[in-house]
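Tertiary structure, described
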Amino acid sequence: MLKNTLSFLAGMFLPVLTIYAGPDNIAPQAKVSASTTEDGFDVKAITDGVIRINGEGEWACEGETVFWGYIRYPWVQLDWAGEVSINKVVIYDRPTLDEHTAGGTLVFSDGSEIPVTAIPNDGSPKTVTFPPKKVSWVKFKVMDGLGYNLGLSEIEVFPAYDSYQNLVDWVDPFIETTRGRYFFFTPGARPFGMMAAAPITRNKNQYGGGYNYNTTEVLGFGNMHSWMMSGIQIMPTTGSIDPTLGEQNWKSPFSHEDELARPGYQRMYLEKYGTWVEYTGTRRSMIYKFKYAEDAEASILTNLGGYLGSTTMKGADVKKVGNEGFEGSFISSGRLWGGPKDIKVFFVAEFDRPFDSFSGWSDGEITKEAEHILGSTKMTRMDSMDFGVVVQSYWDCPSAGVSANYSVKAGDEVQMKISISYTSIDNARENLRSESTHWDFDKYKEDSQLEWENILGRIQVKGGTDAQKVKLYTDLWHVLLGRKIINDVDGSYPDYTQGERDWKFTNAELKVRKLPMDKSGQAKFNMYNSDALWLTQWNENILWGLAWPEMLDDFTASMIQYARNGGLLPRGPNVGGYSYIMTGNPATNMLVCTYQKGLMTKVKPKEAFEIMKRNHMPGGMMGDTPEELQFYIDNGYAPGNVGKTIEWAFQDWSLAQMAKKMGKTKEYDYFSKRASKWTTNYREDFKLLFPKTEEGEWLHDDPLSMEGWVEANAWQGTWSLSHDIPGLAQIMGGNDTLTAKLNYAFEQSDKDDFVFGYGSGYVSYANQPGCSNAHVFNHAGKPWLTQYWVRKVNEQAYGDITPDKGYGGHDEDEGQMGAVSTLMSIGLFSLKGNNAVNPIYEITSPVFDEINIKLNKDYYTGDSFKIVTKNNSAENCYIQAATLNGKNLKTVWFYHEDFSKGGKLELILGDQPNKNWGVGKGLAPPKE
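Conventions adopted
Residues numbered from 1 in each chain as written. Predicted model: local features only at pLDDT ≥ 70, side-chain atom pairs only at ≥ 80, totals over all residues. Heavy atoms only, no water. Helix = DSSP H or I, 4+ residues; strand = E, 2+ residues; numbered from the N terminus. Buried < 20%, exposed > 50% of the residue type's maximum accessible area, 1.4 Å probe, protein only. Contact = heavy atoms within 4.5 Å. 1 Å grid on protein atoms, 1.4 Å probe; cavity = no way out; pocket = protein on both sides within 12 Å on 5 of 7 lines; lining within 4 Å. Points joined across faces, edges and corners; volume = space filled by probe spheres on them. Nonpolar A, V, L, I, M, F, W, Y, C, P; charged D, E, K, R; others polar. Core = buried A, V, L, I, M, F, W, Y, C linked by side-chain atoms within 4.5 Å. Axes fitted to C-alpha atoms, helices over the stretch in contact; angles between N-to-C directions. Left-handed = near helix turned anticlockwise from the far one by under 90°. Pairing = 2+ DSSP bridges. Phe/Tyr/Trp six-rings, centres within 6.5 Å; stacked < 30°, edge-to-face > 60°. Lys NZ or Arg CZ within 6 Å of the ring centre and 35° of its normal.

In this structure, Leu-432 sits in helix 2 (residues 425-435). With a relative accessible area of 2%, Leu-432 lands in the buried category. C-alpha of Leu-432 to C-alpha of Met-286: the two residues are 146 residues apart in sequence and 9.2 Å apart in space. When sequence neighbours within four positions are dropped, the list of residues in contact with Leu-432 reads Ser-285, Val-348, Glu-350, Lys-417, Ile-418, Ser-419 and Thr-437.

The following block contains the structure:
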């Protein structure tokens, strides 16, 4: 069984699978032969993973030349035990300049050939891509070259889709990396891991921040990628580098041709320094392997001062520990969207060999033999122009850090482990010792990929296109990657909930607390750092509950623990404190759905209800000010913002549903009444919801204006009234009026692929407020329109698998857009976020022929829930008929209770809508 699995991920009952020896490269699985091999060389070396190192890991032929120009041109062949499907070969010449394999021909067992020209002479990769070929062998015949012993450093062969054997193979971390946020791309991380490493190519937060695929210079490797948390920038260099000059001085070019990334691992070659960088991780530590292609004076820099991606490091305090490590702390500051102003980060780093020397730098000064380095705490506001107006861009601070220095020979490796804690250096050390107990890099990589394989395996599919399968498992990777634990292995965690509030910031001081422990000495649940839970009722709340109910249970307990400490339920918890990002009390939606589905086992439901109730009252988290929320209670709408009205009304409705299930009649009546007053914002002349001023006047007359909305407008946001679509239809004049108006909005957005910036457009699936709109038709008597538009949106807004697109380009908040995409692909949804007394799942047409959801036996009685489609195709998007466990299903929904028992949903699809299925009196989703 896995040795480093997540403690809370119960039900890891899937079989452990064997991962390829190397990320997708199947060349090591082949038998290798060659025309000739020169003494001292081994033909097997071309698949050994030792690349671009002169004199190591190479194959060369028995050379022969004559004065008039003849050269013996060799060949090398890879034979697999069976047929494989491949679509890419990467060829590396030997890096020596004395011989140059300049060109050749790839010959395949199917009889086809591909010429290969202009192979670089320095060992750089030559990538050859082609349509998938099913072959049993591939031969490379050298057809041009200079020198005597021609050969190769390496040949890598990559499988096409139909030869993928594992689910991690389907994940493409590069999707939409030209537009993602700083924390979007972190291949080395474990699911929900505290640490998450990635190369930094653009040092900014959003719109292609962090790792941007279009930028092929790496500034370093950041080791903390999460909501308003970043830091610990590592960069291996060689030669004479002045670290005080910063990342623009030490950066290096790299190429995507020899770069590999998949869940649990990444590889990159730093061309400036002739250094291979590989990294993987455990939950609370990262493990690096640096391999040097040339003799060099090498320095491994660890920068602990200045801006990195989303926050600023200051006040570094670093001490050398023996001759193989260092430890210390820094302060994370400079947050832009709220949270604790200063957060202390503690770290411990170890190397697998003693330093030749250890140096450091701080505020422009270099210390050659360093024992203790202190960084500056002075931050400088950096401004920029925003549409002609000077605005704050970020905070900077002088660089500070340390350098582990080595004299290395070509082929040498240096490994580094680093772990963090938010509570103490001792706990950072214990985190490292508990999770990183050896120096076997490949074992860490294998464990990480096996863990990803098992957790992704909760949902398995058949059918669909290759692109749809790539997108599904990449979506799930994001869903399970983004939000991070903050507690140590011993259950210690930081509490920053106290302190005076200044706008969205607090001056909280660190308090170290400890989670409740079980009889075995393990924490009963984890604490989390997380972007806003805003509108997760339409994505992660549903999806986690389907395949990872333990995650809902765990996260719910974390939210309650925050409230125990500081009284408030977080909107977006920031390392033990409150960030006050976004609006309302969105934790209610997650807590209620967890309870309604019977998944709340780690906290007492009565306590959770009372905490939510307090947070729905003035002084709680729901209103930005007590006065604002009191106005809503008294008048039925939020002054100046209808987006808040709709959000608060849904949260009130959700809490009322929990009260009803718990038999709390008084609270049910009270919160139901609050949830029903949204009609105050209805505007008959537009038949949409509009914002009102405190005096009761309409704020404006533009249904496409985002003024008075939260990242939305009247066209996008009106349909967010998820708890009362029948009421909205009635006030509009009936289902026909509502569906005609909503259908018009989709038609207006089709040409733009339903993707717009914040608050722009009629329908936008690039941001949370519009992500339920296509499912509204299910609640208004026309489910065939939901089926049609869900397929369209899923393909056009989320179907791309290139580095440029895939999530709408604006707001993939730690898996939220990925979860919407997943739910559309598997054909399940819940407009009410599973928050009704008897939660339901609404049905649309999946893109796959079969979806198998493995049920966690700790929470559900069934083994699996299977969705099977017949006649599925791009055109056949309409449900003609359905059965649930062999019985005719005439509704567009079924109960969560049925799901939890396991079973089979069968859908017959066609290319024309069946307007008699799922409609009629009593067949709409039940009204609570």
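The rest of the description comes next.
For the structure on display, the rule yields 5 cavities of 30 Å³ or more. For the largest cavity, the calculated volume is near 160 Å³. As for the largest cavity, its lining consists of 16 residues, and the residues nearest its centre are Leu-535, Gly-643, Ile-646, Glu-647 and Ser-720. For the lining of the largest cavity, the element with the highest residue contribution is helix 10 (residues 642-661), accounting for 5 residues. Its residues placed into classes, the lining of the largest cavity shows 9 nonpolar, 6 polar and 1 charged. One number sums up the size of the second largest cavity: a volume of about 80 Å³. Taken together, Gln-468, Lys-471, Leu-472, Asp-475, Asn-794, Glu-795, Tyr-798, Gly-799, Ser-821, Ser-825 and Val-847 make up the lining of the second largest cavity. Those elements giving two or more residues to the lining of the second largest cavity turn out to be helix 4 (466-479), helix 15 (783-796) and helix 16 (816-826). By residue number, the principal contributor to the lining of the second largest cavity is helix 4, which donates 4 residues.

Of all hydrophobic cores here, the largest spans 217 residues; its most connected members are Tyr-288, Ile-300, Met-416, Tyr-422, Trp-548, Phe-746 and Tyr-765. Among the elements that line this core, the one with the most residues is helix 6 (residues 549-566), at 8 residues.

This next bit is on the environment of Thr-380. Looking at where Thr-380 falls in the secondary structure, it is placed in strand 26 (residues 380-386). Residue Thr-380 is classed as partly exposed on the basis of its relative accessible area of 40%. As for Thr-380 and Gly-306, which are separated by 74 residues in sequence, their C-alpha atoms are 9.7 Å apart.

How two helices sit against one another is set out by the angle between their axes and by the gap between those axes. One way to put it is that helix 8 (residues 605-615) packs onto helix 10 with a least axis distance of 11 Å and a crossing angle of 145°. The handedness of the crossing between helix 8 and helix 10 comes out as left-handed. Contacts from Pro-605, Phe-609, Met-612 and Lys-613 of helix 8 reach helix 10 at Leu-655, Met-658 and Ala-659. When its residues are assigned to classes, the contact of helix 8 with helix 10 shows 6 nonpolar, no polar and 1 charged.

Another aspect to go through is helix 7 (residues 587-596). Since the α-helix packs 3.6 residues into each turn, any two residues three or four apart lie on the same face. Among the 10 residues that make up helix 7, 10 are buried, leaving the element largely enclosed by the rest of the structure. The inward-facing, buried residues of helix 7 abut helix 5 (540-547), helix 6, helix 8 and helix 10.

The strand order across the open sheet formed by 3 strands is 39-40-45, and the pairing between neighbours is antiparallel. Each edge of the sheet is formed by a strand with only one pairing partner; in this case those strands are strand 39 (828-829) and strand 45 (893-895). Sheet analysis places strand 40 (residues 840-843) next to strand 45, joined by 3 bridges and oriented antiparallel. Paired with Glu-842 across the bridge in strand 45 is Trp-893.

Here the focus is the packing of aromatic side chains. Scanning all chains against the criterion turns up 55 aromatic pairs. Ring centres 6.3 Å apart and planes at 15° place the aromatic pair Trp-227 and Trp-337 in the stacked group. Of the two residues, Trp-227 sits in the loop between strand 10 (220-226) and strand 11 (229-238) while Trp-337 sits in the loop between strand 20 (325-333) and strand 21 (339-340), which places them 110 residues apart along the sequence. Residue classification places Trp-227 among the buried residues on the basis of a relative accessible area of 3%. Owing to a relative accessible area of 28%, Trp-337 belongs among the partly exposed residues under this scheme. Judged by centre distance (4.9 Å) and plane angle (75°), the rings of Tyr-670 and Phe-671 are edge-to-face. Through pairs of rings, three or more aromatic residues link up here, namely Phe-326, Phe-330, Phe-347, Phe-351, Phe-355, Phe-358 and Tyr-406. Lying across the ring of Trp-75, Lys-139 places its NZ or CZ 4.4 Å from the centre. In this arrangement the basic side chain of Arg-683 is found over the ring face of Phe-690, its NZ or CZ atom lying 4.9 Å from the centre.

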